[in-house]
Amino acid sequence: MIIINTTIDIIVPCYNEEEVLNSFFIETEKVVQSIDGCSFRYILVDDGSRDRTLEIMHELASANSHVKYISFSKNFGKESGMYAGLSNSDSDYVIIMDADLQHPPALIPDMIKGIQEGYDCVAACRTDRKGEKKIRSFFSQSFYKVNNRLTNSNLPYGAVDYRIMSRPMVKAVLSMSEVERFSKGIFSWVGFKTKWLPYDNVERTLGTTKWSFKGLTKYAIDGITSFSVAPLHFISVMGFSISAIAIIYGIIIFFKTLILGIDVPGYASLIIILLFLGGIIELSLGVIGEYLSRVFIESKNRPIFIARETNIKSATNVDNGSYSSKFSKEDDN
């Protein structure tokens, strides 16, 4: 439960957000300044931006002592940005939100009320996908359905990363230090009492989205393969079924030949069967390859992120067994 002098860190992963970062800070400040009993700090994470995002972070940190930043050595992805913010947070509660204002700052007071009700986490979920292309909305909805069927991480349709979490939940999330991260699934897998906060989708008015269809597809595959081995079980069942059908068909052909004599097989049907089986083999190898590639990546034990600079003096070098180089420079304030 929120009490007086509670500290809350707002973690904001940023990639090429120069057009919206100042507006985000102004709009969010209007909300948090009106909340009594809580002390807020920003942890802005520059995910290897190629525009003026880092410069704006410098400016905000110079003018506001409660603004901290971490700048990556290259683009590691949003998942790494969230992990970096969480691993450098020491507050009572943590809020994760995007800088594009599609995560409305106005929801923060309602999130805090949810914490006051005894929840460990209050997470936002969109009630619609207004402003998005229909084909993208269709694939998004399909992902949630497939994910919930194949994995043990039950995600409501429209679930986003925007949420507030208690310190025990943050520690649980950080204990899962895999490199190939799917945070929505991790938030669900660690458990804890969660309240879902519905909101209407907010169209992006400044800047451009950084998610391509290819990127979203990879994200969906990561989500399923990170929390389910169902595709591997499906391959086993499919292989057994095809083998059983082949044996039955072979027996039928054997007796047919004994009774009716040798029959000349059709060329077209033979080609179709060969192509079908070849496709099944390639598909099976592809699925196995997805899992094998993740084992290969995790076995290297590479850092989740590498920070080039930060103004967080308490930044450490080792986080939950995953080395992260964070070279602290003198505090700008």
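Residues numbered from 1 in each chain as written. Predicted model: local features only at pLDDT ≥ 70, side-chain atom pairs only at ≥ 80, totals over all residues. Heavy atoms only, no water.

A. Fine view of the overall build of the protein. Counting its regular elements, the protein contains 10 helices and 11 strands. Counting contacts in the protein only where the partners sit at least 6 residues apart, residues at least 24 apart contribute 79% of the total. Summed over all atoms, the accessible surface of the protein reaches about 17,500 Å², with 62% contributed by carbon and sulfur. (Helix = DSSP H or I, 4+ residues; strand = E, 2+ residues; numbered from the N terminus. Contact = heavy atoms within 4.5 Å. Areas by Shrake-Rupley, 256 points an atom, 1.4 Å probe, with all protein chains shown as cover.)

B. View of the nonpolar core. Ranked by internal contacts, the top residues of the largest apolar core, which has 37 residues, are Phe40, Ile95, Ile108, Tyr162 and Ile164. Contact partners of Ile108, with chain neighbours within four places excluded, come to Thr28, Val31, Val32, Ile35, Phe40, Ile95, Met97 and Tyr162. With 27 residues, the next largest nonpolar core counts Met82, Ala84, Val170 and Leu174 among its residues. (Core = buried A, V, L, I, M, F, W, Y, C linked by side-chain atoms within 4.5 Å. Buried < 20%, exposed > 50% of the residue type's maximum accessible area, 1.4 Å probe, protein only.)

C. How the structure looks around helix 4 (residues 108-116). Inspection of helix 4 places Ile108, Met111, Ile112, Gly114 and Ile115 among the buried residues, and these make up the whole buried set. Across the axial projection of helix 4, the buried residues extend over an arc of 155°, all falling on one side. Positive phi shows up at Gly118, right after helix 4, with a value of about 110°. (Arc of directions from axis to C-beta.)

D. Region of the structure containing the pattern of salt bridges. Enumeration over the complete set of coordinates arrives at 10 salt bridges. In this structure, Arg52 engages Glu55 in a salt bridge whose closest nitrogen and oxygen atoms are separated by 3.2 Å. Residue classification places Arg52 among the partly exposed residues on the basis of a relative accessible area of 35%. Lys184 serves as the salt-bridge partner of Asp161, at 3.8 Å between the closest nitrogen and oxygen. (Salt bridge = Lys/Arg side-chain N within 4 Å of Asp/Glu carboxyl O.)

E. Examining the packing of helix 1 (residues 21-32) against helix 2 (residues 53-63) more closely. Direction vectors running N to C along helix 1 and helix 2 enclose 35°, while the axes themselves pass 10 Å from each other. Every residue of helix 2 that contacts helix 1 at Leu21, Asn22 and Phe25 is listed here: Thr53, Ile56, Met57 and Leu60. Across the contact of helix 1 with helix 2, the residue classes break down as five nonpolar, two polar and no charged. (Axes fitted to C-alpha atoms, helices over the stretch in contact; angles between N-to-C directions. Nonpolar A, V, L, I, M, F, W, Y, C, P; charged D, E, K, R; others polar.)

F. Up close: a nonpolar patch on the surface. Taken together, the side chains of Ile247, Ile251, Phe255, Leu258 and Ile259 make up a nonpolar region of the molecular surface, amounting to roughly 560 Å² of accessible area. Residue position: Ile259 is located in helix 9 (residues 230-260). (Patch = residues over 30% accessible without salt bridge, like charges linked within 9 Å, V, L, I, M, F, W, Y side chains within 5 Å.)

G. Region of interest: the packing of aromatic side chains. This model, assessed by the stated rule, comprises four aromatic pairs. Among the aromatic residues, ring-to-ring pairing joins Phe72, Phe76, Tyr83 and Phe305 into one connected group. A cation sits over an aromatic face here: Lys74 above Phe76, 4.2 Å from the ring centre. Taking NZ or CZ as reference, Lys193 lies 5.0 Å from the ring centre of Tyr119, over its face. (Phe/Tyr/Trp six-rings, centres within 6.5 Å; stacked < 30°, edge-to-face > 60°. Lys NZ or Arg CZ within 6 Å of the ring centre and 35° of its normal.)

H. Quick peek at the side chain of His103. Here His103 shows up in the loop between strand 4 (93-96) and helix 4. A distance of 3.0 Å separates a polar atom in the side chain of His103 from the backbone nitrogen of Asp98. Excluding its chain neighbours within four sequence positions, the residues that come into contact with His103 are Met97, Asp98, Val160, Tyr162 and Tyr199. (Polar contact = N/O pair within 3.5 Å; in protein donor to acceptor, adjacent residues only side chain to side chain.)

I. Just the environment of Ser73, in detail. Relative to the assigned elements, Ser73 resides in the loop between strand 3 (67-72) and helix 3 (78-87). Residue Ser73 is classed as partly exposed on the basis of its relative accessible area of 41%. Taking the C-alpha atoms as reference, Ser73 lies 6.1 Å from Gly48; in sequence the two are 25 residues apart. Excluding residues within four positions of it along the chain, Ser73 makes contact with Ile306, Ala307 and Arg308.

J. Molecular detail of the environment of Asn22. Within the element layout of this structure, Asn22 appears in helix 1. Once the C-alpha coordinates of Asn22 and Met57 are considered, the two residues, 35 residues apart in sequence, prove to be 8.9 Å apart. Non-local contacts of Asn22, meaning those with residues more than four positions away in its chain, are made with Ile56 and Leu60.

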